[in-house]
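# Coordinate inspection notes
Next come the chains, spelled out residue by residue.
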Amino acid sequence: DMDGEQTWPTAEELMEAEEKKKESKRVPKGTSAYQAVWMLSDDDDDDDDDDDDEAMSEEEESDEGEYEEVESESVAGTEPDYDLQFDQETELEELRKFREATEHEAFPDELDTPLETPARVRFQKYRGLKSFRTTPWDPKENLPLDFARISQLENFTNVRKFIVKNHVNTARAVRKGAFVSLYIANVPLSIVNTECTALTLFGLFPYEQKMSVQHSVIQRHGQCDLVVKGKEQILAQVGFRRYLVRPIFSQHTKSNKHKLERFMPKSGSFVASYYAPITLTPSPVVLFKLEEDGSVTLLGNGSTLSCDPDRVICKRVVLSGHPLKIHKRTATVRYLFHNREAIAYFRPVEVRTKHGRRGHIKEA
């Protein structure tokens, strides 16, 4: 007897189950199907007495024109495959980045002095600036050896003007919309046998085959709410070229020093810097984030700014402490440093509070 044997559901049964998820509710006019899901139906309200129903019958009849029937779906059936696509490691990594971005937004650049590492070792690459705008900083100081392999143009603006004058606005340049005949030799069979009927051809100006540090002015897309940390791998479409980069973000200012942004800013224009082939300005730039399934998500767009390896991008750190006693001209602060060696090391650095008061470390 196979009557009690479990079998796979048929197509008709699946369609029937989908129809059962939908229910009709009487809701006020203008209510969407999503809002109707969270509204109680008349059958769910079992606490009313019969006397109350009779008393309200006349009012319901008068308000009959203000209601309509809306078909809504159950909340449980919105994302049936969520558990199958769930990746715990990816979720934990996204949660960690979200918490870091939230903390950075609430307390920008603030950092607690570590207990396990001496402060003079942890912050040995930092320096105290009396003025972020006017204090001099040598861009050639303490550069790694690999930086010598980067190409640098002496004056990027003058080089661009020279190339445009001698290679673009000349009689040899092809006019826009003109038809040309190209003869290509030594074409691989892999390209000939493909089904592609169109090819994209482009040429390079002088120096565009060399690697340098490319800076682009970017503005985040309005519908993008992803947390993007600096040095995270993203896909960049710069002009006619597309490549993977790990950019760092900085403020878009006219100063000779620019503050590093640890995360991609949510509003306003910022500068993304990355290693890439030299590209003349202006060229459009579009940034995408690569998903695990191969799809891409639009992060922002902008244009190229310059190719300048000497652009100084400073990483700012604000050490936080707890004020214990505050007098007229002195203050006692705890937990700023944890030993006398660190206090003696940072004594020459000028101290500045969040509200602009300045001073120096007097004693430990």
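One can find the structure itself at the top, above this paragraph.
Thresholds, definitions, all that
Residues numbered from 1 in each chain as written. Predicted model: local features only at pLDDT ≥ 70, side-chain atom pairs only at ≥ 80, totals over all residues. Heavy atoms only, no water. Helix = DSSP H or I, 4+ residues; strand = E, 2+ residues; numbered from the N terminus. Contact = heavy atoms within 4.5 Å. Areas by Shrake-Rupley, 256 points an atom, 1.4 Å probe, with all protein chains shown as cover. Patch = residues over 30% accessible without salt bridge, like charges linked within 9 Å, V, L, I, M, F, W, Y side chains within 5 Å. Salt bridge = Lys/Arg side-chain N within 4 Å of Asp/Glu carboxyl O. Lys, Arg positive; Asp, Glu negative; His and termini not counted. Charge placed at Lys NZ, Arg CZ, Asp CG, Glu CD. Buried < 20%, exposed > 50% of the residue type's maximum accessible area, 1.4 Å probe, protein only. Pairing = 2+ DSSP bridges. Core = buried A, V, L, I, M, F, W, Y, C linked by side-chain atoms within 4.5 Å. Axes fitted to C-alpha atoms, helices over the stretch in contact; angles between N-to-C directions.

### Side note on the overall build of the chain
Along its length, the chain carries eight helices and 17 strands. For the chain, long-range pairs separated by at least 24 residues make up 69% of all intrachain contacts whose partners lie at least 6 apart in sequence. For the chain, the computed accessible surface area is about 28,500 Å², with 51% contributed by carbon and sulfur atoms.

### Some points on a negative patch on the surface
Residues Asp87, Glu89, Glu91, Glu291, Glu292 and Asp293 make up a contiguous surface patch of negative charge. On the accessibility criterion, Asp87 (32% relative accessible area) is partly exposed.

### Some points on the pairing of strand E4 (residues 211–220)
Among the 10 residues in E4, eight count as buried, and that is most of the element. Sheet analysis places E4 next to strand E11 (residues 296–307), joined by seven bridges and oriented antiparallel. Note that in E11 the partner of Ile218 across the bridge is Gly302.

### Some details on the nonpolar core
The biggest cluster of nonpolar side chains holds 17 residues, and the ones touching the most others in it are Tyr243, Met264, Tyr274, Leu287 and Leu299. Taken together, the elements giving at least two residues each to this core come down to strand E5 (234–238), strand E6 (241–245), strand E9 (269–277) and strand E10 (284–290). Top element by residues in this core is E9. It accounts for four residues. Filtering out sequence-adjacent residues up to four positions away, Tyr243 remains in contact with Ile234, Leu235, Ala236, Val238, Tyr274, Ala276, Pro277 and Thr279.

### Side note on the pattern of salt bridges
Considering all chains together, one arrives at 15 salt bridges under this definition. The partner of Glu232 in a salt bridge is Lys97, and the shortest N-O contact between them spans 3.2 Å. Residue Glu232 is located in the loop between E4 and E5, and its partner Lys97 is located in helix H4 (residues 88–106); the two are separated by 135 residues in the primary sequence. For the residue pair Glu232 and Lys97, the accessibility class agrees, reading buried in each case. Among the ionic pairs, Glu141 bridges to Arg127, the shortest N-O distance being 3.0 Å. Taken together, the residues Glu141 in the loop between helix H5 (119–122) and helix H6 (156–168) and Arg127 in the loop between H5 and H6 connect sequence positions 14 residues apart. Owing to a relative accessible area of 33%, Glu141 belongs among the partly exposed residues under this scheme. The exposure class assigned to Arg127 is partly exposed, which follows from its relative accessible area of 38%.

### Some words on the sheet that holds strand E8 (residues 257–261)
The strand order across the open sheet formed by nine strands is E6-E5-E10-E11-E4-E9-E7-E8-E12, and the pairing between neighbours is mixed. Two strands lie at the open edges of the sheet, namely E6 and strand E12 (312–314), each paired on one side alone. The mean angle between the axes of side-by-side strands here comes to 40 degrees, regardless of whether they run parallel or antiparallel. Direction of pairing for E5 relative to E6: antiparallel, over a ladder of five bridges.

Geometric values such as these leave the question of function open.
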